[in-house]
Amino acid sequence: MQRRVFGLVTAAVVVVGLAGCGSSDSGGGAGASSGGDGKTQVTVGVVPIVDVAPLYLGQKKGFFGSRGLDLKMVSAQGGAAIIPGVVSGQFQFGFSNTTSLMLARTKGVPVKSVANGAASNGKVGGDVTGVAVKRDSPVKSAKDLADRTVAVNTLQNIGDTTVRESVRKAGGDPSKVKFVEIPFDQMPAALDDGRVDAAWMGEPAMTIAKAQGARVVASPFAETDPKLTVATYFTSTKLAQDNPSLVKKFAEAMTESLRYASEHPDEARRILTTYTKISDEVIDDLTLPSWPTEVDLASLEKLASLGEEDGIFGGKKPDVGALFS
């Protein structure tokens, strides 16, 4: 279940195991419920990385509370693990990379993007994710990743798809890259111990790895598209149909949160201490993503084409407009 979206149509059967993938939070109920203060309690499945800082910041600033929403966040390893929880109703909303959502839709899974999540900041060598190697590694560029083992948080996803594109653009053979699945927070140690040749990491894992001497050899998001929409917040099509008011309130609050985080990056950095194990000593060195309020459909079309080229959609190209517009 953590590896892929395959078999999501049986989500109601397997989703009970999702709580074990996350933090100490429990999953919540089968649907949004009203709390004692009159607010609607909403559970959101998230990945504990810098990208979701606006959600936590928006909660702290009262953007959700002012709309009558009381949020509860539950952590998981990746978007592929969150999607079953949203479909079954364990989570009302979830955060997922865009490739996982595309794959889900090509499998007939009823999900719909409702608000933007995060995007590449467009800086090659300084993007929110990168492929890092040890200081003394013979790997000098993305081309050298062929025949090497590269860690990603989930397989057949936005990580390996964009890493392959970096290798391709650098003149290497993307089909020869060997991907293994490791949670983000375990990647710095795996790289430092030599269990993998390279690791595709986001923040705060990247800053931790750099502190251990790692160096960045590729910036897959920025090298794929400098405006790449990396992730969005989504819900089930059932919830969107049954409770459009709730979806509208969440989307409006999320948009306000994205705008605020973009305008107050220092506050966005500090909020990470509330949901990750990152220390105050390294928080100022974190690389932030871009948090636009709108998705970039052109970049998503490019990502869909790359996924189709890699064969992860099983020969059926996703309808980007229907999923993200």
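Residues numbered from 1 in each chain as written. Predicted model: local features only at pLDDT ≥ 70, side-chain atom pairs only at ≥ 80, totals over all residues. Heavy atoms only, no water.

### Digging into the overall build of the chain
Thinking step 1. Broken down by element type, the chain carries 13 helices and eleven strands.
Thinking step 2. Taking all contacts inside the chain whose residues are at least 6 apart in sequence as the whole, residues at least 24 apart take part in 79%.
Thinking step 3. Carbon and sulfur atoms form 47% of the exposed surface of the chain, whose accessible area is close to 12700 Å². (Helix = DSSP H or I, 4+ residues; strand = E, 2+ residues; numbered from the N terminus. Contact = heavy atoms within 4.5 Å. Areas by Shrake-Rupley, 256 points an atom, 1.4 Å probe, with all protein chains shown as cover.)

### Here we look at the sheet that holds strand β6 (residues 130–133)
Thinking step 1. If you walk across this open sheet you meet the five strands as β8-β7-β9-β6-β10, and the pairing is mixed. Only two strands of the sheet have a single partner each, and these edge strands are β8 (178–181) and β10 (215–218). Put simply, the sheet's adjacent strands are angled 35° from each other on average, direction ignored.
Thinking step 2. Note that β6 and strand β9 (residues 198–201) share three bridges and pair antiparallel. Counterpart to Val131 in the pairing with β9 is Trp200. (Pairing = 2+ DSSP bridges. Axes fitted to C-alpha atoms, helices over the stretch in contact; angles between N-to-C directions.)

### Thoughts on the side chain of Gln92
Thinking step 1. Relative to the helices and strands, Gln92 resides in the loop between α3 (79–88) and β4 (93–97).
Thinking step 2. Here the side chain of Gln92 touches Thr43 through a polar contact of 2.8 Å, landing on its backbone nitrogen. (Polar contact = N/O pair within 3.5 Å; in protein donor to acceptor, adjacent residues only side chain to side chain.)

### Re the side chain of Arg269
Thinking step 1. Residue position: Arg269 is located in helix α11 (residues 265–271).
Thinking step 2. Buried charge without a partner: Arg269 forms no salt bridge, and the closest opposite charge is Asp266, 4.2 Å away.
Thinking step 3. In contact with Arg269, not counting residues within four places along its chain, are Ile283, Asp284, Asp285, Leu286 and Leu288. (Buried < 20%, exposed > 50% of the residue type's maximum accessible area, 1.4 Å probe, protein only. Lys, Arg positive; Asp, Glu negative; His and termini not counted. Salt bridge = Lys/Arg side-chain N within 4 Å of Asp/Glu carboxyl O.)

### Brief notes about the packing of aromatic side chains
Thinking step 1. Counted by the stated rule, this structure contains eight aromatic pairs.
Thinking step 2. Plain terms: the ring middles of Phe63 and Tyr260 are 5.6 Å apart, the flat faces sit at 70° to each other, and that makes the pair edge-to-face. Of this pair, Phe63 sits in the loop between α2 (53–61) and β3 (69–75) while Tyr260 sits in helix α10 (residues 244–263), placing them 197 residues apart in sequence.
Thinking step 3. With a relative accessible area of 15%, Tyr260 lands in the buried category.
Thinking step 4. Relative to Phe250, the ring of Tyr233 lies with its centre 6.1 Å away and its plane at 65°, an arrangement referred to as edge-to-face. Residue Tyr233 is located in strand β11 (residues 229–236), and its partner Phe250 is located in helix α10; the two are separated by 17 residues in the primary sequence. (Phe/Tyr/Trp six-rings, centres within 6.5 Å; stacked < 30°, edge-to-face > 60°.)

### Let's talk about the nonpolar core
Thinking step 1. Ranked by size, the top nonpolar core spans 99 residues in total, and within it Leu55, Leu145 and Phe250 carry the most contacts.
Thinking step 2. The greatest single-element share of this core, amounting to eight residues, is contributed by α10.
Thinking step 3. Non-local contacts of Phe250, meaning those with residues more than four positions away in its chain, are made with Val44, Leu55, Phe64, Leu69, Phe93, Val114 and Tyr233. (Core = buried A, V, L, I, M, F, W, Y, C linked by side-chain atoms within 4.5 Å.)

### Points about the confidence of the model for the chain
Thinking step 1. Looking at the chain, pLDDT values average 88 and 89% of them are 70 or higher.
Thinking step 2. Long-range and interchain partners of residues 1–30, a stretch whose pLDDT sits below 50, account for 67 contacts in this model, where long-range means more than four residues apart. (pLDDT = per-residue confidence, 0-100.)

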